[in-house]
Amino acid sequence: MYIIAGLGNPTSKYERTRHNIGFEAIDIIGKKYGIKTDTAKHKALCGTGIIGGEKVLLLKPQTYMNLSGEAVAEALNYYKLDADNELIVIFDDISLPTGKLRIRRKGSAGGHNGVKSIIAMTGTDGFKRIKIGVGEKPEGFDLVSHVMGYFKKDDRRLVDDAMERAAAAVELIVNDQFDRAMNMYN
């Protein structure tokens, strides 16, 4: 079983912002594989289903970004799963150009508070991750304003395509084809 956690902030105030790209990716994955994330459990909205023959739990933490680790750790503990081998986290990355994917086996938080929370609550940075580029903040912009802002029309198309590619990468990853996912989508 895998937990696939998309990071974001709850409430309609944050929908479609750069920082909620993880939530949107989970919605696309859910739609593609017929998994509804409408069950409130583990401080998250979640749903179980099958991707590529593997059982998965799609997870959208409702703890707000900076406490994402609470929901992820609770779900991992409940299902007795190992974060290093059975967790995939999808989130926004300001160091990547808009729409670019970067798939990694492990790594640091890279300044992302949601990832930092997951590392703190699980005690490991060895979980798999799919980063979706949302672009660097423009000069003179505040970082919070940038990540809480909305995409321009052309950028939205790039990000929508990136989320579709992330969904395809997830299927490869849960089928032990991590290197292939990296080669195809990085």
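Scroll up to find the structure.
Residues numbered from 1 in each chain as written. Predicted model: local features only at pLDDT ≥ 70, side-chain atom pairs only at ≥ 80, totals over all residues. Heavy atoms only, no water.

**Q** Explain the overall build of the chain to me, please; I cannot follow it from the model alone.
**A** Scanning the chain for helices and strands turns up 7 helices and 7 strands. Sequence-ordered secondary structure for the chain, helices as α and strands as β, is β-α-β-β-β-α-α-β-β-α-β-α-α-α. In terms of overall dimensions, the chain is globule-like: its C-alpha atoms have a radius of gyration of 15 Å, near the 16 Å expected for 186 residues. Along the first, second and third principal axes, the C-alpha atoms of the chain reach 45 × 30 × 30 Å. Within the chain, the fraction of its 186 residues that count as buried is 52%. Long-range pairs, those at least 24 residues apart, make up 68% of the contacts in the chain with a sequence separation of at least 6. Carbon together with sulfur atoms contributes 48% to the accessible area of the chain, which is approximately 8700 Å² in total. Here the chain holds 27 positive side-chain charges and 24 negative ones, and the gap between their average locations is 1 Å. (Helix = DSSP H or I, 4+ residues; strand = E, 2+ residues; numbered from the N terminus. Rg over C-alpha atoms; globule rule 2.2 N^0.38 Å. Buried < 20%, exposed > 50% of the residue type's maximum accessible area, 1.4 Å probe, protein only. Contact = heavy atoms within 4.5 Å. Areas by Shrake-Rupley, 256 points an atom, 1.4 Å probe, with all protein chains shown as cover. Lys, Arg positive; Asp, Glu negative; His and termini not counted. Charge placed at Lys NZ, Arg CZ, Asp CG, Glu CD.)

**Q** Can you help me understand the packing of aromatic side chains in this one?
**A** The geometry of an aromatic ring pair comes down to the distance between the two centres and the angle between the two planes. All told, the structure shown has 2 aromatic pairs when counted by the stated rule. On the basis of an interplanar angle of 80° and a centroid distance of 6.2 Å, the ring pair of Tyr14 and Tyr64 is categorised as edge-to-face. Taken together, the residues span a long stretch of sequence, with Tyr14 in the loop between strand S1 (2–6) and helix H1 (21–33) and Tyr64 in the loop between strand S4 (54–61) and helix H2 (68–79) at a distance of 50 residues. Look at Tyr64 and you get partly exposed, because its relative accessible area is 38%. (Phe/Tyr/Trp six-rings, centres within 6.5 Å; stacked < 30°, edge-to-face > 60°.)

**Q** Sorry, what's going on with the nonpolar core here?
**A** Buried together is how nonpolar side chains tend to be arranged in soluble globular proteins. Judged by nonpolar contacts, the single largest core of 34 residues is most densely connected at Ile4, Ile29, Ile51, Ile90, Ile130 and Ile132. Secondary-structure elements contributing two or more residues to this core are S1, H1, S4, strand S5 (87–93), strand S6 (101–104), strand S7 (128–133), helix H6 (153–174) and helix H7 (178–185). Among the elements that take part in this core, H6 stands out by supplying 11 residues, more than any other. In this structure, Ile90 is in contact with Ile4, Ala5, Gly6, Leu7, Gly22, Ala25, Ile26, Ile29, Ile130, Ile132 and Val170, ignoring residues within four places of it in sequence. By size, the runner-up hydrophobic cluster in this structure holds 21 residues, among which are Ala5, Cys46, Ala75 and Leu87. (Core = buried A, V, L, I, M, F, W, Y, C linked by side-chain atoms within 4.5 Å.)

**Q** I tried to follow the side chain of His112 on my own but got confused; where do I start?
**A** Mapped onto the elements, His112 comes out in the loop between S6 and helix H4 (113–122). Ignoring anything within four residues of it in the chain, the contact list for His112 reads Leu7, His19, Met65, Phe91 and Asp92.

**Q** Would you take a moment to explain the pairing of strand S3 (residues 44–51) for this structure?
**A** Sheet faces and side chains relate simply in a regular strand, where the side chains alternate between the two faces. With 3 bridges connecting them, strand S2 (residues 39–41) and S3 associate as antiparallel partners. Bridging from a neighbouring strand, Lys41 pairs with Ala44 of S3. Where S2 folds back onto S3 in an antiparallel hairpin, the turn is made up of 2 residues, including His42, whose phi is positive at roughly 60°. Pairing analysis gives 8 bridges linking S3 to S4, with the strands arranged antiparallel. (Pairing = 2+ DSSP bridges.)

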